[in-house]
Amino acid sequence: MQISFYPGCSLEGMANDYGHSITAVFDRLGIEAVELEDWSCCGSTAAHSLSEMMALILPARNLAAAEKVGLDLVTPCANCFNRLSYSQKMIQKRLFDVPWEVKGDGKVHDMTRFLAQPEMIARIGQKVARPLKGLKVVCYYGCQTVRSPRITGYSDFENPQTLDMLAAAAGAEVIDWSFKSTCCGASIGIARKDIQESLTRRIYQKALQAGAEAIVVSCPLCQVNLDVIQKDATGQRAPVFYFTELLRLAFEGGGVRKWFRAHLTDPVPLLTEKGLL
Amino acid sequence: MSGTHCKKERKLIGDRGDYFLNRIQGETGENISACYQCERCTNACPVAHYMDIKPHQVIRHIQMGWREDLMASSTIWICLSCEMCTTYCPNEVGVAETINHLRNMAAHSSITPKEKHLAVFHETFLKELQRFGRVNEFWLMNAFNLKPGILKEKIASGLLTEEILLGLTLWKKGRLHLLPRRSKAIREIKEVYRRQRGGIV
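Source: prediction; values computed, not measured.

1. A few points about the overall build of chain A
A tally of regular secondary structure across chain A gives 13 helices and 8 strands. The C-alpha radius of gyration of chain A comes to 18 Å, within 12% of the 19 Å expected for a compact globule of 277 residues. Along the first, second and third principal axes, the C-alpha set of chain A runs to 55 × 45 × 30 Å. Restricting to contacts in chain A with at least 6 residues of sequence separation, those with at least 24 account for 78%.

Written as structure tokens, this is what we have:
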């Protein structure tokens with residue numbers, strides 16, 4: 001099976017461990033992810049904040065590139081997915097002139113939903129050789145993958161399930177909680193640290209209150225925020241995993257310590273204690 | 001409506017009153033008139049308590065034509081675009097999209113943004129995107145800090161030291177790439193910038 005892959009800028013920097021784990025998971029699942037050769041930034045928050053037109057055009061260029069390849073487009077980054085979907089919706093409604101040839105009929109998947117399709121879950125189930133028994137996790141989706149529903153197409157936006165299904169498929173014990181899609185503050189911390197810290201800290205504390213030992217995320221920025229907030233935390237910490245890291249761990253066990261080096265909250269002690277490394 | 005706006009009247013001429021309401025409705029495609037001030041957006045908003053004009057008040061301000069207050073508010077910059085308000089509005093008013101549109105208008109006006117750092121950060125991001133076609137966190141933060149006034153304020157508040165230490169930790173962890181990667185489509189990106197924004201950011 002072949003798909004087009006749009007990594008997004010984070011996967012080249014802050015979230016390079018996410019990138020490595022995605023490659024490993026796709027490889028084990030027999031999915032050939034072809035990176036869009038000339039992909040460019042989707043514009044993120046800055047583009048739509050300052051110029052709504054740029055926020056449509058920048059993702060449209062990537063959509064055009066994906067249509068040339070002709071495969072479904074999968075992106076692991078929450079905001080990239082949101083911006084690409086948004087741009088595509090506007091192209092379909094013909095609400096702006098696209099400088100490139102785009103029909104807007106290609107499929108754009110967010111990676112969690114792509115892997116949570118029934119046949120993919122089944123495939124993952126077959127591959128899991130070392131289920132993550134006894135690892136209590138909460139799944140944190142962040143905003144951009146699920147909202148707004150008219151762009152993302154999520155019908156269960158209040159209680160999304162894709163990450164829960166994937167973490168459960170990896171054998172983890174998934175705890176239900178209320179903060180699945182509460183905003184973590186995103187990049188506002190660069191200018192207003194107080195706001196971002198208050199929002200992120202609440203999520204981290206609520207995760208602990210729910211009885212979680214670790215948090216599972218799919219968004220690079222959520223991971224950074226939740227990881228950094230625990231830097232000076234006293235008391236219990238909750239390592240923040242990308243869901244692909246857990247999947248890979250459940251497929252074959254150990255050999256992934258090098259990814260965990262990138263985490264500020266070291267997950268190795270927890271995983272060792274559970275006998276999962 | 002509470003606070004200082006109690007005695008203000010609806011503005012009726014020029015870029016105000018119905019004109020401003022109609023303009024926003026036309027430009028965003030949102031039905032602003034449908035708002036009946038149930039405050040569900042404000043209750044859903046995770047950062048409403050940091051805003052000077054709350055989300056439901058923003059909609060009311062538009063209906064009343066109080067444009068300058070909106071342009072000078074912190075609200076338009078604080079908004080995270082997390083889409084809670086839009087999602088929960090019973091009348092399907094796109095509150096987040098509307099606030100974003102106001103932010104666009106403010107960015108193209110001569111009004112000094114109330115949250116200067118946020119505005120400058122967005123601007124820096126777009127400039128970095130124009131340079132490489134992709135955005136590298138390390139270069140982005142450096143470019144942002146070198147913008148007029150930012151470094152001085154950060155040194156004074158002690159934020160810079162904190163940031164450098166965090167940056168160092170992240171670099172040791174292998175999460176910062178010191179060399180930016182360029183998109184192969186950089187010429188197309190530059191062309192788009194030239195046509196859309198006259199080459200300037």
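We are not done yet, so read on.
2. Description of the overall build of chain B
Assigned secondary structure in chain B consists of 12 helices and 0 strands. Its helices and strands in sequence order give chain B the pattern α-α-α-α-α-α-α-α-α-α-α-α, from N to C terminus. With respect to the three principal axes, the spread of C-alpha positions in chain B is 55 × 40 × 30 Å. Burial statistics for chain B: of 201 residues in total, 40% are counted as buried.

3. Considering the domain arrangement of chain A
Residues and elements named next belong to chain A. Assigned domains of chain A: these are domain 1 (2–113) and domain 2 (129–273). Each of domain 1 and domain 2 has a C-alpha centre, and these two points are 22 Å apart. On the side of domain 2, 25 residues touch domain 1, which itself brings 27 residues to the contact. In terms of residue count, the dominant contributor to the side of domain 1 that touches domain 2 is helix H1 (residues 16–29) (9 residues). Its residues placed into classes, the side of domain 1 that touches domain 2 shows 13 nonpolar, 9 polar and 5 charged.

What counts, and where the lines are drawn
- Residues numbered from 1 in each chain as written.
- Chains lettered and ligands numbered in written order.
- Predicted model: local features only at pLDDT ≥ 70, side-chain atom pairs only at ≥ 80, totals over all residues.
- Helix = DSSP H or I, 4+ residues; strand = E, 2+ residues; numbered from the N terminus.
- Rg over C-alpha atoms; globule rule 2.2 N^0.38 Å.
- Contact = placed C-beta atoms within 7 Å.
- Buried ≥ 20, exposed ≤ 12 C-beta atoms within 10 Å, placed from the backbone.
- Domains from an automatic or database assignment.
- Nonpolar A, V, L, I, M, F, W, Y, C, P; charged D, E, K, R; others polar.

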